[in-house]
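Structural overview for review
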Amino acid sequence: TVASGYMVNLQSLAIRTRSSNTGPGDLGLFYSGDDFTGNLHAFAQEGEVLLDSIIDLRALINLSGTVEFRIRALSNTRADDSASDISSTGTFRIANYDGSGYSGFTGTAIPEPGSFFVLLAAAVVLAFGRCRHGVGSRFSEA
């Protein structure tokens with residue numbers, strides 16, 4: 001959830017993923033900004049190998065409110081690439097990227113234009129008030 005009064009420009013998502021041999025092999029990352037219709041990134045799980053991914057999200061700019069991401073299977077292909085479909089007992093998990101304890105998004109938070117103009121107006125009012133006070137003081141001394 002993006003804090004009220006701000007927007008976020010995302011840069012990347014760093015994640016580590018793993019499927020069991022009978023779990024999903026072809027996966028995609030989707031997000032709520034397009035009702036989960038566009039695949040932001042596709043990746044293939046091979047067997048039970050840990051897969052570290054840094055996903056480029058620079059196309060996601062000016063996000064506000066609640067933004068949700070989902071990873072889902074793109075096909076019924078198993079991670080072991082066998083002819084069988086994904087098993088109902090197959091598993092998939094997300095872990096800390098490269099084992100360093102870090103997983104997550106990078107990006108930049110920026111004030112929404114409306115918030116910026118409120119801050120700008122407040123600064124102008126304060127500056128004007130100081131100028132008026134300064135001018136009045138000079139005239140009263142004369």
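Owing to the predicted nature of the structure, the values given are computational and were not obtained by experimental measurement.

Thresholds applied
Residues numbered from 1 in each chain as written. Predicted model: local features only at pLDDT ≥ 70, side-chain atom pairs only at ≥ 80, totals over all residues. Heavy atoms only, no water. Buried < 20%, exposed > 50% of the residue type's maximum accessible area, 1.4 Å probe, protein only. Helix = DSSP H or I, 4+ residues; strand = E, 2+ residues; numbered from the N terminus. Pairing = 2+ DSSP bridges. Axes fitted to C-alpha atoms, helices over the stretch in contact; angles between N-to-C directions. Phe/Tyr/Trp six-rings, centres within 6.5 Å; stacked < 30°, edge-to-face > 60°.

Overview of the pairing of strand β2 (residues 26-31)
Extensive coverage of β2 is indicated by the burial of 5 of its 6 residues. Direction of pairing for β2 relative to strand β3 (residues 41-44): antiparallel, over a ladder of 4 bridges. When the sheet's bridge partners are listed, D26 is paired in β3 with A44. The pairing of β2 with strand β5 (residues 69-73) spans 5 bridges and is classified as antiparallel.

Let's talk about the sheet that holds β5
Across the sheet, 3 strands lie side by side as β3-β2-β5; this open sheet has antiparallel pairing. For this open sheet the edge positions go to β3 and β5, each flanked by a neighbour on one side alone. The sheet shows a mean angle of 25° between the axes of neighbouring strands, taken without regard to direction.

Section: the packing of aromatic side chains
Taken as a whole, this structure holds 2 aromatic pairs when the rule is applied. With a centroid separation of 5.9 Å and an interplanar angle of 25°, the aromatic rings of Y31 and F69 are classed as stacked. Note that Y31 is positioned in strand β2 and F69 in strand β5, a separation of 38 residues in sequence. Judged by its relative accessible area of 13%, Y31 is buried. With a relative accessible area of 21%, F69 lands in the partly exposed category. Relative to F105, the ring of F69 has its centre 4.8 Å away and its plane inclined at 40°; by these criteria the two rings are tilted. Linking F69 in strand β5 with F105 in strand β7 (residues 104-111), this pair joins segments that are 36 residues apart in sequence. By relative accessible area, F105 is classed as partly exposed at 38%. Here a set of aromatic residues connected by ring pairs shows up, and it is made of Y31, F69 and F105.

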